[in-house]
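Inside the fold
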Amino acid sequence: MTSKGLTTVTTFRKGLVLALGITMTAVGAAACGGGDGDVPAAAGPNEHVELTLATFTEFGYEALIPEYERLHPNIKITHRKTGQGGPYAQDMMTKLAAGSGLADVQAVEEGHLSDILSKSSKFNDLSKIGPSEVSPDRWLSWKYEAGKDKNGKLIGYGTDIGPLAMCYRKDLLAAAGLPSDPEAVKPLFATWGSYFAAGAQYTAKTGKAWFDSAAQNFNSMVNQLPVGYLDTGDKLTLDTNQGIKDAWAKVTDAVAKGESAKLTAFSNEWNSGFKQSAFATKACPAWMLGVIKEQAGPDNAGKWAVTAAFPGGGGNWGGSYLTVPTQSKHPREAAELAAWLTAPEQQIKAFEAKGNFPSQAKALESPQLLNATDAYFGGAKIGELFAEQAKKVAKPQYKGPNDGQIQENVASPALQSVEQGASAADGWQRLVDGAKKLAR
């Protein structure tokens, strides 16, 4: 499933990012900043140090770990790799609460970043203990800023990202009399208004669904707003946030017009929907290409296309950070490892190995990335395309505690109820009531 070459990237990231739906990388809740005065000094060059590194699903580090050990003969790294993101996150939060058991370098998925940032006192400030040569301009600005708490404490070095484009079935659009060339379709996907209008036309012509899931689009729409479910005071905004109300109205109107396939993302039915041509368009972060290829299968090669356009401009879905918990006995060595793994050179290697799209500015200018193409999607220059989309992401939206849970466990089920016949008003009330129970 993984291509080591520079022309095709076929692997995708699963786990929490799949369960949480679309989430913009965001700055999390407040906690004390803390200093580095009590951080142990670095070990001497001849002192043996054992470090643990915890990740979930695929980060592309398998070849990088022995490389780092060759460069640092006194360092031994034990890689704790978990197959699924959900159990990984639960285990991480349990160990965080217990005060022991976390790895020296602990990966955090962006969907849970706000909950981690609300406990930032339990993590080292990487801007203070990390290598001096690591500067903020290593990363795209929004990725770097999202790793800080309210007081500016940097708890995470950014790894990968999931810049959003739009994937679609060329043959299905053409059969409905709509443009199908990647350049020609861009006006259809320019705004949410044009996207849903094209969907209404497609559905009226074919009697088939335009998109897979109302929740997938709604989450994206919410995360493009200046203010999301929670304001910077961690107060719920649903009663006053007109942007969220407008997004709800647009997506539920599209549901009423038959544009949704009413599939729960990443369910067995959703997976089968790719092979059965159950929908014509799909919100498409970089890693979604691998999902489509696996689920749609070889029979649909060349039918899917991807274009450098997304309603509302741009967005991000997915990506992670490397943190150094205060539990670590070797925080400076851990920070050095995290810095090395998130350097542009290593992130390009991770991209080649597993398809994880890098967040580093220099990596996005690398010929190795820009020249990457994908034959399944008609030879699209996916590296260049997603690098372009990554630069469209605006300032990260603030995310307070439980934001991800509101999105996953409240908003998505509320929209599913509308897809199953509940009124838009009843679904909205379900969203409001559920969010109030989770908001602190």
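Structure's up top.
For every chain, the first residue of the written sequence is number 1, and numbering continues from 1 along that sequence. Two thresholds apply to this predicted model, a pLDDT of at least 70 for residue-level local features and 80 or more for giving and counting side-chain atom pairs, whereas whole-chain, interface and lining totals are computed over all residues. Only hydrogens and water are set aside; all other atoms, that is, all heavy atoms of the structure, feed into the side-chain values.

1. Things to note about the overall build of the chain
This is how it is decided: Secondary structure elements are taken from DSSP: a helix is a run of H or I of four residues or more, a strand is a run of E of two residues or more, and numbering for both begins at the N terminus. Between the two quantities, the radius of gyration covers C-alpha atoms and the globule rule is 2.2 Å times the number of residues to the power 0.38. With a 1.4 Å probe rolled over the protein chains alone, any residue whose accessible area is under 20% of its type maximum counts as buried; one over 50% counts as exposed, and the rest are partly exposed. Any two residues having at least one pair of non-hydrogen atoms within 4.5 Å are treated as being in contact. Only the protein chains shown count as cover for residues, and the accessible areas themselves come from Shrake-Rupley with a 1.4 Å probe. Counting rule applied: Lys, Arg positive; Asp, Glu negative; His and chain ends not counted. Charge placement uses NZ in Lys and CZ in Arg. For Asp and Glu, CG and CD serve respectively.
A count of helical and extended segments in the chain gives 18 helices and nine strands. A compact globule built from 440 residues should have a C-alpha radius of gyration of about 22 Å, and the chain, at 22 Å, falls within 12% of that. Projected onto its principal axes, the C-alpha coordinates of the chain cover approximately 70 × 50 × 35 Å. Across the 440 residues that make up the chain, the buried fraction comes to 59%. For the chain, the proportion of contacts with a sequence separation of at least 24, taken over those separated by at least 6, is 78%. Working note: accessible area of the chain is about 16300 Å², and carbon and sulfur atoms make up 51% of it. Once the 44 positive and 45 negative side-chain charges of the chain are each reduced to a mean point, those two points are 3 Å apart.

2. Some words on the state of the cysteines
Put simply, the test is: Cysteine sulfur pairs qualify as disulfides if the two atoms are within 2.5 Å.
Tallying each qualifying case throughout the model produces one disulfide. There is a disulfide in this structure between Cys-167 and Cys-284, and the S-S distance comes to 2.1 Å. Residues Cys-167 and Cys-284 are joined through a disulfide that is left-handed, its torsion about the S-S bond being -60 degrees. On the criterion of sequence distance, the pair formed by Cys-167 in strand 4 (residues 157-169) and Cys-284 in strand 6 (residues 279-285) is long-range, its members being 117 residues apart. For Cys-284, a relative accessible area of 0% translates into the label buried.

3. Section: the packing of aromatic side chains
The cut-off we apply is this: In this scheme Phe, Tyr and Trp rings, the latter by its six-membered ring, pair at centre separations within 6.5 Å, and the angle between planes marks the pair as stacked below 30 degrees, edge-to-face above 60, and tilted otherwise. Any Lys NZ or Arg CZ found within 6 Å of a ring centre and within 35 degrees of that ring's normal is scored as a charge over the ring.
Using the criterion set out here, one finds 29 aromatic pairs in the structure. Linked through ring pairs, Tyr-168, Phe-189, Trp-192, Tyr-195, Phe-196, Tyr-202, Trp-210, Phe-211 and Phe-310 together constitute an aromatic cluster. We note Arg-138 situated over the ring of Trp-139; from NZ or CZ to the ring centre the distance is 5.4 Å. The positively charged end of Lys-143 is found above the aromatic ring belonging to Tyr-321, 4.1 Å away from the centroid.

4. A closer look at helix 3 (residues 85-98)
Counted only if it meets this: Helices are assigned an expected span. That span is 1.5 Å times one less than the residue count. The directions considered for the arc run from the helix axis to the C-beta atoms.
Between its terminal C-alpha atoms helix 3 stretches 20 Å, which fits the 20 Å expected from 14 residues at 1.5 Å a residue. Three or more residues of helix 3 are buried, namely Gly-85, Tyr-88, Ala-89, Met-92 and Leu-96. Projected down its long axis, helix 3 shows its buried positions confined to an angular sector of 95 degrees, all on one face. Pointing more than 90 degrees away from the buried face of helix 3 are the exposed residues Gln-90, Thr-94, Ala-97 and Ala-98. Of the residues flanking the end of helix 3, it is Gly-99, one or two places downstream, whose phi is positive at about 85 degrees.

5. Some thoughts on the side chain of Lys-153
Put simply, the rule is: Salt bridges are defined as contacts in which a side-chain nitrogen from Lys or Arg sits within 4 Å of a carboxyl oxygen from Asp or Glu. Identification of polar contacts relies on pairs of N or O atoms within 3.5 Å, with a donor-acceptor requirement for protein atoms, meaning one able to donate a hydrogen and the other able to accept it, and with residues adjacent in sequence counted only if both atoms are side-chain atoms.
Within the fold, Lys-153 resides in the loop between helix 6 (141-145) and strand 4. Within the buried set, Lys-153 has no salt-bridge partner at all; the shortest N-O distance to an opposite charge, 5.9 Å, is to Asp-149. Polar side-chain contacts of Lys-153 include one of 2.6 Å to the backbone oxygen of Phe-123.

6. Things to note about the pairing of strand 4
How we decide: Note on pairing: DSSP must find at least two bridges between two strands before they are called paired.
Buried residues dominate strand 4, accounting for 13 of its 13 residues. Note: strand 4 against strand 8 (residues 316-323), four bridges, orientation antiparallel. Following the sheet pairing, Tyr-157 is matched in strand 8 by Leu-322. Looking at chain direction, strand 4 and strand 9 (residues 357-358) are connected through two bridges and run antiparallel. Its bridge partner lying in strand 9, Asp-160 is registered against Pro-358.

7. So, unusual backbone geometry
Leaving glycine aside, a negative phi is the common case for residues, and trans is the common case for peptide bonds. With phi around 50 degrees, Thr-57 is a residue other than glycine that occupies positive phi space. Mapped onto the secondary structure, Thr-57 falls in the loop between strand 1 (49-56) and helix 2 (64-71). Judged by its relative accessible area of 5%, Thr-57 falls in the buried class. The backbone of Asn-402 sits at a positive phi, close to 70 degrees, despite the residue not being glycine.

8. Some thoughts on the packing of helix 2 against helix 13 (residues 331-341)
We count it as follows: Fitted lines through C-alpha atoms give the axes, limited to the stretch in contact for helices. The angle between two N-to-C directions lies from 0 to 180 degrees. By definition in this entry, angles of less than 35 degrees are roughly parallel, angles greater than 145 are roughly antiparallel, angles of 65 to 115 are roughly perpendicular, and the rest are oblique. Each crossing gets its hand from how the near helix is turned against the far one by less than a right angle, where anticlockwise is left-handed and clockwise is right-handed.
Between helix 2 and helix 13, the shortest axis-to-axis distance is 11 Å and the interhelical angle comes to 125 degrees. Viewed along their axes, helix 2 and helix 13 adopt a mutual orientation that is oblique. Considering only the axes of helix 2 and helix 13, their crossing is right-handed. On helix 13, the residues touching Leu-64, Glu-67, Tyr-68 and Leu-71 of helix 2 are Glu-333, Glu-336, Leu-337, Trp-340 and Leu-341.

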